[in-house]
Amino acid sequence: MSRVAKDHDRSLMLGNEALARGLVENGCRMATSYPGTPASEILSSVAAWKKSEKLDRMHVQWAVNEKVAFEIAYTGSIAGLRTAVAMKQVGLNVASDPFMSAAYLGVKGGFLVISADDPGPHSSQTEQDSRLYAMSAKVPVLDPDSPGQARDMTGVGFRLSEEFEIPVMIRPTTRVCHARQDIEKKEVQRNNVEAVFEKNPARWAATPKFRYKLHNQLEEKLKKIALWKETAPVCLNPSVQSKKAIIVSGVSAAHAKDIVRELGVEGIITLYQVIQPYPLHTQFIEMVLKKHNDILVLEETTGVIEMQLARSDRVKGKKSGHVPETGELLPEIIEKIIADFVCVKSGSKILETKPGRRPTLCAGCPHRASFFAIKKAAPKGIYTSDIGCYTLGMNLKAVDTVLCMGAAISQAAGFAHAYDDKKRPPIVATMGDSTFFHAGIPALIDAVVQNIPFLLVILDNRTTAMTGNQPTPASGKDVLGEPVTAIDIEKLVKGCGIKYCRTANPMETDKFIPLLKKAVKYSQNNGPAVVISRSPCLLSLPNEELRENYKGVEITDTCDGCGYCISHFECPAMVMDKEKEKVTLDRSLCTGCGVCVHVCPKKSIVPAESSNMEGS
Amino acid sequence: MNYQIIISGAGGQGVLFITRLLAEACMNDNRHVLTSETHGMAQRGGTVISHLKVGDFKSPLIRPGSADLFVALKPENLDLHYGFLKKSGMAIVNSSEGSSTAGTNRAKALNADFLANQDNNPGSINLYMLGGAIALIPVCSIEKIKKQIEIRFVKKDKKIRAKAVMALERGFKTIVSGC
């Protein structure tokens, strides 16, 4: 085992921290993002380094959505600065409009688009491959295999971007973003370039005639990028002469390196690692096809490399059926594929996936209280919902649809138009505060114009909870914790033209249910109504505050174990004791919110006598 | 020596915390480390698993049948992820019952819930388990981990630090003394 020299400044870095470190080490002057797993920690890490390294000239911000984030950072680059935007893969869908166009116009300062993919998927709606997007936009893309390589690719990416005046994508996957590795820090580069925007309407405001020219220029750039030495594929064992070869990229390369060594085949089979899957280097394609007649390609998730090799007679991969086209390419899957390819035995076994514990809303989560009330207020309703912690409302049967960010409102409209007036059930859309800002506003304006009979419940927990409590435009603080202007959600809703808007605390169940009933009724008779259900995410509150708010409950002997609270409320602090046929309270989880008092149909859950019990 | 370690439990139990603590302790012992973590939706009370590899590795993931050590913070996780263990590997499970996987003596039980309750230290269940785990397979010395706790908790109250160290030690001693 190799030991590490002691005197190096090494630290254990998450892949996303490593990407952030790469940005500050390479003189990035502007970084923007919208949070989304697995990319969320990139921007907060940049902000942390901006603070600790005193990079006063660097601008770091959460934007309202990925499109806005992209446009801000892109424009910083056409003013001559090194800039970057980070997002998850489905965020790139939102930013795809400026992304496609920016490829034509090109950049001045280096511009990196970090789009983190999620094969599996672990925490996403799709397994889409951002490298295909890069191909579609005609933008070069780099595919890191580890946090260390991700860090190094930021420097390479900036140089590539500046040399060819083109946006460059870095495409890490979950296993890079959320891997930790000991990494030696390099010095932070203080970049003091002054912003200069050189006007050139034929480029920066190009009309279709000029766009055609720019498209031709883009094609010329790509031809040259496919010859650029710094991102050329690497042969990992150049002394080996073999007709068979394995081409790997991204985290599949990391898995393959260990596996080839363990199977003892590193001396008999040529292994290439692709650094830049698109555009694939021209000379590499020629050389590989000349030297090898049997080629295995391992990459996630789509066959971007094999597509460019374009030789189905020689290439084994996704198209030939040797490599799965869906799901994560786990090392045990890769081990079996490689062993079969080189005709050796392997002990590879694939674990059968057993259902684990399903995720659920936290004990004391205000969303649970909102969902319980919505089901009481509109028991036969259609419940459209959206992306966030509250997607978990589906456990409570209070979420019927989840499509993409902001769709809860448009889907409510779609259902409203689809049903005849007399047969239409009540329609209740739920959407978090951050999602509302991100993509809900245009849909709400549309619903007002069309006078859609539906109730929108904005689940306003004052934060972007699912991705780790990032601020929203209503928070009044930025990524550095500094004060910024706060947007008032009520005013915004009213500004969209909504006439019926109420704000209430969902934790006050006895008042909240009647309020929702009224709003549902109004929406059915008059058109769109909005209830802002406001109560902070418990994960965003300090322990002292949680203790102060602790009310506490007790379950009396009248509990007959009917299970209503378990199936309709699903609070993790409530546990069915099968032997005693009674529900018990897990006091280590109970936050003492007291909402369950209103849930039990037998009134067996009561407020605790002493209100000063120890909270968790 | 190279080590491959699986740590699993439910979101919120501190799986990521002890993974990182052990990784940093090994790193301060001048060894290379590589981990893979669960973030996002699963952290809301769902099953959380982390992989920790100490030594010469490129891949952040552990293949089934390869782990030297498996730490299960919930009893039901033992069955879920037992397949990661190699034949000579050892598992430690937070459970009141003895070895709960049928026909194996590779799983050792440590009743961390009970110990934490006894010590009025419910936030440290993960550290009892980590202490027990390194008593079973010496991935890293307990002294190195204690030192790392001191570093990580440097800004926290002295009492919190002492409680964390106490949990680690009690888990360790419980396994060493075999009860």
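The shown structure was predicted, so the numbers you read here are calculated from the model rather than taken from an experiment.

Participant: Tell me what's going on with helix α19 (residues 509-526) of chain A, and back it up with residues and numbers.
Facilitator: All names here are of chain A. A rise of 1.5 Å per residue sets the reference length of α19, with its 18 residues, at 26 Å; its end C-alpha atoms lie 25 Å apart and thus fit the reference within 8%. Of all the residues in α19, the buried ones are Thr509, Phe512, Leu516, Ala519, Val520 and Ser523. Within α19, the buried residues cover an arc of 105 degrees as seen down the axis, which keeps them to one side. Facing away from the buried side of α19, by more than 90 degrees, are the exposed residues Asp510, Asn525 and Asn526. Where the residues of α19 are buried, they touch α15 (366-377), β16 (427-432), β17 (455-460), β18 (500-504) and β19 (529-534). Directly beyond the C-terminal end of α19, a positive phi value near 120 degrees is found at glycine 527.

Participant: Now, about the interface of chain B and chain A: what can you tell me, with residues and values included?
Facilitator: Opposite the 37 residues of chain B that make contact, chain A presents 44 residues. Looking at the side of chain B that touches chain A, the elements with two or more residues in it are α1 (15-27) and β2 (33-36) of chain B.

Participant: Any details on the domain arrangement of chain A? Residues and values, ideally.
Facilitator: All names here are of chain A. By domain assignment, chain A separates into domain 1 (10-230), domain 2 (232-342), domain 3 (366-541) and domain 4 (549-607). Across the contact, 17 residues belong to domain 1 and 14 residues belong to domain 3. Elements supplying a minimum of two residues to the side of domain 1 that touches domain 3: α2 (41-52), β3 (59-62) and α4 (89-94). Looking at the side of domain 1 that touches domain 3, the element that brings in the most residues is α2, giving four residues. Looking at the side of domain 1 that touches domain 3 residue by residue, the classes come out as nine nonpolar, seven polar and one charged.

Participant: Explain the environment of A:Leu361 to me, and be specific about the residues and the numbers.
Facilitator: Within the fold, A:Leu361 resides in the loop between α14 (331-342) and α15. Taking C-alpha positions, A:Leu361 is 40 Å from A:Ser101, a pair spaced 260 residues apart along the chain. For A:Leu361, the contacting residues outside a window of four places in its chain are A:His367, A:Arg368, A:Cys389, A:Leu392 and B:Arg44.

Participant: Mind laying out the sheet that holds strand β9 (residues 234-235) of chain A, listing which residues take part and the relevant values?
Facilitator: Residues and elements named next belong to chain A. Sheet architecture is open: five strands sit in the order β9-β11-β10-β12-β13, paired in mixed fashion. Two strands lie at the open edges of the sheet, namely β9 and β13 (315-316), each paired on one side alone. As judged from the two bridges shared by β9 and strand β11 (residues 270-274), these two strands associate in the antiparallel manner. For valine 234, the partnering residue across the bridge sits in β11 and is glutamine 273. Contacts between helix α11 (residues 251-262) and the sheet are confined to β10 (244-249), β11 and β12 (294-298), with β10 contributing the most and set at about 140 degrees to the helix.

Quick notes on the rules
- Residues numbered from 1 in each chain as written.
- Chains lettered and ligands numbered in written order.
- Predicted model: local features only at pLDDT ≥ 70, side-chain atom pairs only at ≥ 80, totals over all residues.
- Helix = DSSP H or I, 4+ residues; strand = E, 2+ residues; numbered from the N terminus.
- Expected span 1.5 Å × (residues − 1).
- Buried ≥ 20, exposed ≤ 12 C-beta atoms within 10 Å, placed from the backbone.
- Arc of directions from axis to C-beta.
- Contact = placed C-beta atoms within 7 Å.
- Domains from an automatic or database assignment.
- Nonpolar A, V, L, I, M, F, W, Y, C, P; charged D, E, K, R; others polar.
- Pairing = 2+ DSSP bridges.
- Axes fitted to C-alpha atoms, helices over the stretch in contact; angles between N-to-C directions.

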